[in-house]
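# Fold and contact review
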Amino acid sequence: MEQYIKISVIYIDDDESLQFQIEVCSASCKSILEFYDYADCFQEFAKGLTNFPKTIKDNVVFQVGEDGEESNWAYFLKLKVYCYEANGHSAINVIMDNRGDEQTRHRSEYSLTTLPANLNTFGQRLLKWNPKTDKIFEWNA
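As a starting point, this report considers the structure included with it. Model, not experiment: these values are computed from the prediction.

## A short note on the packing of aromatic side chains
- The full count for this structure, using the stated rule, is 14 aromatic pairs.
- Ring centres 6.3 Å apart and planes at 55 degrees place the aromatic pair Phe20 and Trp129 in the tilted group. Residue Phe20 is found in strand S2 (residues 17-25), and its partner Trp129 is found in the loop between helix H2 (116-128) and strand S8 (136-140); the two are separated by 109 residues along the sequence.
- Accessibility expressed as a relative area gives 0% for Phe20, which makes it buried.
- Their ring planes at 55 degrees and their centres at 5.8 Å tell us that Phe45 and Phe62 sit as a pair that is tilted. Remark: Phe62 occurs in strand S4 (residues 59-64) and Phe45 occurs in helix H1 (residues 43-50); sequence separation between them is 17 residues. Accessibility assignment for this pair places Phe45 and Phe62 in one class, buried.
- By the ring-pair criterion, three or more aromatic residues cluster together here, those being Phe20, Phe35, Phe42, Phe45, Phe62, Trp73, Tyr75, Phe122, Trp129, Phe137 and Trp139.

Okay, here's the thing in structure tokens:
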């Protein structure tokens, strides 16, 4: 199965917040989550990816919401990029939780494996993406 991340803009609100849908697919798992944020929400994450890894212990995180039962957030999304081998082989740990009730809740956690050069390209492309004009961003791991 192809590994990828696809981010789509579903709606732009009057206050300039955007409704995003993120779809992440690993070799064995696929999940989708909708969340709200601003157009520049990916910029810090993208900058971190462009020169990842600085050291073998380096990690870069994109997070929306808070995890845990005490959280008041309607959703939780975390993408954590890290090295899993000393030679620099890297992965993106994905946690998605729609924080629904017992009948509608879904939570998934898995990782996509990739190379640092691919992550650098991901960051460069994400830095240039303008979600207000280009409604879809796709990256293949």
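Further notes follow.
## As for the pairing of strand S5 (residues 76-83)
- Across six bridges, the pairing between S4 and S5 is antiparallel. Its bridge partner being in S5, Val61 is matched across the sheet by Lys80.
- Pairing geometry for S5 and strand S6 (residues 90-97), over eight bridges, is antiparallel. The residue bridging Lys80 from the neighbouring strand is Asn93, located in S6.
- Linking two consecutive strands that pair antiparallel, namely S5 and S6, is a turn of six residues; a positive phi of about 100 degrees is found at Gly88 within it.

## Some remarks on the state of the cysteines
- Enumeration according to the criterion identifies zero disulfides in this entry.
- Its sulfur unpaired, Cys25 is 8.1 Å from the next cysteine sulfur, which belongs to Cys29.
- By relative accessible area, which is 2% here, Cys25 ends up buried.

## Details of the environment of Val81
- As for its position among the elements, Val81 is in strand S5.
- Overall, the relative accessible area of 0% leaves Val81 in the buried class.
- Taking the C-alpha atoms as reference points, Val81 and Phe62, 19 residues apart in sequence, are found 8.8 Å from one another.
- In this view, Val81 contacts Phe45, Leu49, Phe52, Asp58, Asn59, Val60, Ala91, Ile92 and Leu119; residues no more than four positions away in its chain are not counted.

## Focus: the sheet that holds strand S7 (residues 107-114)
- With respect to topology, four strands assemble into an open sheet ordered S4-S5-S6-S7, the strand pairing being antiparallel. Where the open sheet ends on each side, the last strands, each with one partner, are S4 and S7. Averaged over all neighbouring strand pairs, the angle between strand axes comes to 10 degrees, with direction disregarded.
- Contacting S4 and S5, H1 crosses the sheet at an angle of about 165 degrees to S4.
- Sheet strands touched by H2: S5, S6 and S7. Its angle to S6, the strand with the most contacts, is close to 55 degrees.

Rules of the game
- Residues numbered from 1 in each chain as written.
- Predicted model: local features only at pLDDT ≥ 70, side-chain atom pairs only at ≥ 80, totals over all residues.
- Heavy atoms only, no water.
- Phe/Tyr/Trp six-rings, centres within 6.5 Å; stacked < 30°, edge-to-face > 60°.
- Helix = DSSP H or I, 4+ residues; strand = E, 2+ residues; numbered from the N terminus.
- Buried < 20%, exposed > 50% of the residue type's maximum accessible area, 1.4 Å probe, protein only.
- Pairing = 2+ DSSP bridges.
- Disulfide = S-S within 2.5 Å.
- Contact = heavy atoms within 4.5 Å.
- Axes fitted to C-alpha atoms, helices over the stretch in contact; angles between N-to-C directions.

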